[in-house]
Amino acid sequence: MCLSRLLLVCFLLSTTFSFAQPAPAAKPAQAAKAALGFSVDNIDKTMNPCVDFYQYACGNWLKNTEIPADQPEWVSFIELYERNLVTEREILEKASVNNPGRSAVEQKIGDYYSSCMDEKAVDAKGLDALKSELDRISAVKDKTGLIDAIAHVHLIGPNPLFRFYSSPDLHNADMVIAYVDQGGLTLPDRDYYIKDDAKMAEMRKHLTEYATQMFTLAGRSPQQAADSAQTILRIETALAKASMDRTLRRDPKNRDHKMSRDQAATLASNFYLNRYFTAVGAPSFSDLNVSNPDFFKQVNAVVESEPLDAWKIYVSWHLLDSAAPWLSKPFVDTNFKMQQYLTGQEKIQDRWKRCVDSTDQALGEALGQKYVELTFGPESKQRMLKMVDALEKALDQDIHGLPWMSEDTKKQAKIKLQAIRNKIGYPDVWRDYSSLNIERGDLLGNFLRANAFESKRQIVKIGKPLDRKEWGMTPPTVNAYYSGSHNEIVFPAGILQPPFFDQKMDDAINFGGIGAVIGHELTHGFDDQGRKFDPQGNLRDWWTEQDGKEFEKRAGCIADEYGSFVAVDDLKLNGKLTLGENTADNGGARIALMALREMLAQDGKSGEKSDGYMPEQRFFLGYGRVWCEKRRPEFSRMLVSVDPHSPGRYRVNGVMQNMPEFQQAWGCKAGQPMVRQNACRVW
Ligand SMILES: [Zn+2]
């Protein structure tokens, strides 16, 4: 979700890639019951915390942990995600018993889940379930008809050629407007098509093999299928070449191109945008934002030069690829094989896990109602509110004391901080799914109708005031986000559990866990992207020129620091792509510790040891625990291209190296690896 919504900044990578596999998850259910909270057993006491703190905090965990075969990585939030799946499964199994007393919500989630679990029915249908949709594309007679077909496919899920959506106006965040943007790729990033290193070339080969197999399954001859796969690679390479890279896209100014509908239509005449807007059912509007005008200009010629048949193959492909996980077994297996190349995952998740996940994606706020009834009590919300309040005060103090920022900018920063709204647990108003028809025994139909429901829900917002009550994540999600256009921080119930948030643990552990997450999200309002938005969520420069330069200088230090870290083999992190997240990690940890110290002083617990550790030490251990992580090398490689977050090791050590508070707490000396000579600090 966060990859598709431009202005959400997540705590973790959203696992929904353009590649149409459900989010990775899972480990056998009984294993998930194992201790998720903080434990000194994870610590490797033979390691010196001043030499490698990550190894110290996670050493025993790393020694004793294997990545489950159905996972590309293993880390606390996936363990937690796994545990949430078990809870959700219980809810769904109960709701799927077809009795007349079921509520409307239970009918929707229960029948969605049951149709997904009915593998026999799905296998018996084979590709038939998708046939009418594929036929619709085959019947296209000309390029205007093609645009109609693309509009229809956009409604039911995938995004061939480009993307159309609604989002707040960058200069008037109270109003939602239409956006068109680059899109249309199967592989996770433009780099996969453009870079000529051996790994990327190999991935392109896997893509054509994957497409060949899928087209063969869909009834084409081997030769036709192989030709079709080449067509896809050719078209997608052209789209990739015209796409802006992720690092450039981080700057909202690079995506700020509001123009009239007629200007947009003229920009790329072969896209027939006016016809598209009608076909997709958009309400009438006069202006829209074209996030990457160059993409439309450059691809315009490709729309003309590629023959109609090639486009029909390409659009069918996106439909097949997106539907594959919900078709019969041969499609599921072929689709998973491609996922394996990208992530290294050894085995597909059990079906029930994929089905829980799909129900959450389709009906998240219906399933979420039941989920929070079971998991999220008022006392959790109270303690969270208290922590958020403490963190906001700490950031206010931090801003107050910044030596490099002028009083003018500080005043503006504080206004922005005060304007940040927070959302905790679940939405006040639940989404109404009554117009979404869910039928027992029709998995693919349910999947496509749920996609259409969501697309239409987004499209009708165009031209309307922004609904600030809405949530961008479902309640069971183990993640959190900051949205620049909403100027809000959001914490779904799913993340408010151990090891992030543990009612049984002391404040030190909780401030190192969820406290640092809250601090991280708050800091996003002031990172390289967030600082460009004002308190109302508008793209507006509220900095003095000198302060802007000072910020850039300090951010540059963080970009250089993380850019020197090696993710896998000889592949280094992209310091600029990960800058916002690293800034948020550094600022978040610092203000969480400030808030903890304040609370300990209030409660008279400043010097109290637990498990033999001082509260400050426990804070850092709690922080480290969250990031104990194992990743398959294939997945590490993919994340370097697409993930704005650093791997766990650097989310820990990168921060610790910059914190004198850390060095004090552990008695580290100058010259030791956890003491960086020119420590970076923005916030
Ligand atoms: Zn973040």
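Source: prediction; values computed, not measured.

1. Section: the overall build of the protein
For the protein, the count of helices and strands is 26 helices and 12 strands. For 683 residues, the compact-globule formula gives about 26 Å, and the C-alpha radius of gyration of the protein, at 25 Å, lands near that figure. Counting only residues that meet the buried cut, the protein has 51% of its 683 residues in that class.

2. Here's the deal with the domain arrangement of the protein
The domains assigned to the protein are domain 1 (140-326) and domain 2 (380-419 + 499-683). Each partner contributes residues to the interface: domain 1 has 14 residues there, and domain 2 has 15 residues. Here the residues of the side of domain 1 that touches domain 2 sort into 5 nonpolar, 3 polar and 6 charged.

3. Concerning the pairing of strand 3 (residues 162-169)
Within strand 3, 7 of the 8 residues are buried, which leaves the element mostly enclosed by the surrounding structure. Pairing of strand 3 with strand 4 (residues 172-182) involves 8 bridges; the strand directions are antiparallel. Looking at strand 4, one finds that proline 168 is bridged to valine 176. Once strand 3 ends, the chain turns through 2 residues before running back antiparallel as strand 4.

4. Let's talk about the sheet that holds strand 5 (residues 258-260)
Taken in spatial order, the 4 strands of this open sheet run 3-4-6-5, and their pairing is mixed. The open sheet has two edge strands, strand 3 and strand 5, and neither has a second partner. Shown here is a sheet whose adjacent strand axes are inclined to one another by a mean of 40°, direction ignored.

5. Observations concerning the packing of helix 22 (residues 579-603) against helix 25 (residues 648-656)
Interhelical geometry of helix 22 versus helix 25 gives an angle of 60° and a closest axis separation of 10 Å. Considering their axes alone, helix 22 and helix 25 lie oblique with respect to each other. Both helix 22 and helix 25 take part in a crossing whose hand is right-handed. Across the interface between the two elements, Asn582, Asp585, Asn586 and Ala589 from helix 22 touch Arg651, Gly654 and Val655 from helix 25. Classifying every residue of the contact of helix 22 with helix 25 by side-chain character gives 2 nonpolar, 3 polar and 2 charged.

6. Structural notes on helix 18 (residues 407-419)
Taking 1.5 Å of rise per residue, 13 residues should cover 18 Å, and helix 18 covers 18 Å from first to last C-alpha, within 8% of that figure. Those residues of helix 18 that fall on the buried side of the exposure criterion are Thr409, Ala413 and Lys416. All buried residues of helix 18 fall inside an arc of 60° around its axis, so they share one side. Away from its buried face, by an angle of more than 90 degrees, helix 18 presents the exposed residues Glu407, Lys411, Ile415 and Gln418. Of the surrounding secondary structure, the elements contacted by the buried residues of helix 18 are helix 17 (378-400) and helix 21 (545-563).

7. Concerning the nonpolar core
Counting residues in each nonpolar core, the largest one holds 178 residues, and the members touching the most others are Leu391, Leu496, Ala592, Ala595 and Leu596. Here this core takes 10 residues from helix 22, the largest share from any one element. For this core, the domains that each give at least three residues are domain 1 (140-326) and domain 2 (380-419 + 499-683).

Cut-offs applied
- Residues numbered from 1 in each chain as written.
- Predicted model: local features only at pLDDT ≥ 70, side-chain atom pairs only at ≥ 80, totals over all residues.
- Helix = DSSP H or I, 4+ residues; strand = E, 2+ residues; numbered from the N terminus.
- Rg over C-alpha atoms; globule rule 2.2 N^0.38 Å.
- Buried ≥ 20, exposed ≤ 12 C-beta atoms within 10 Å, placed from the backbone.
- Domains from an automatic or database assignment.
- Contact = placed C-beta atoms within 7 Å.
- Nonpolar A, V, L, I, M, F, W, Y, C, P; charged D, E, K, R; others polar.
- Pairing = 2+ DSSP bridges.
- Axes fitted to C-alpha atoms, helices over the stretch in contact; angles between N-to-C directions.
- Parallel < 35°, antiparallel > 145°, perpendicular 65-115°, else oblique.
- Left-handed = near helix turned anticlockwise from the far one by under 90°.
- Expected span 1.5 Å × (residues − 1).
- Arc of directions from axis to C-beta.
- Core = buried A, V, L, I, M, F, W, Y, C linked by C-beta atoms within 7 Å.

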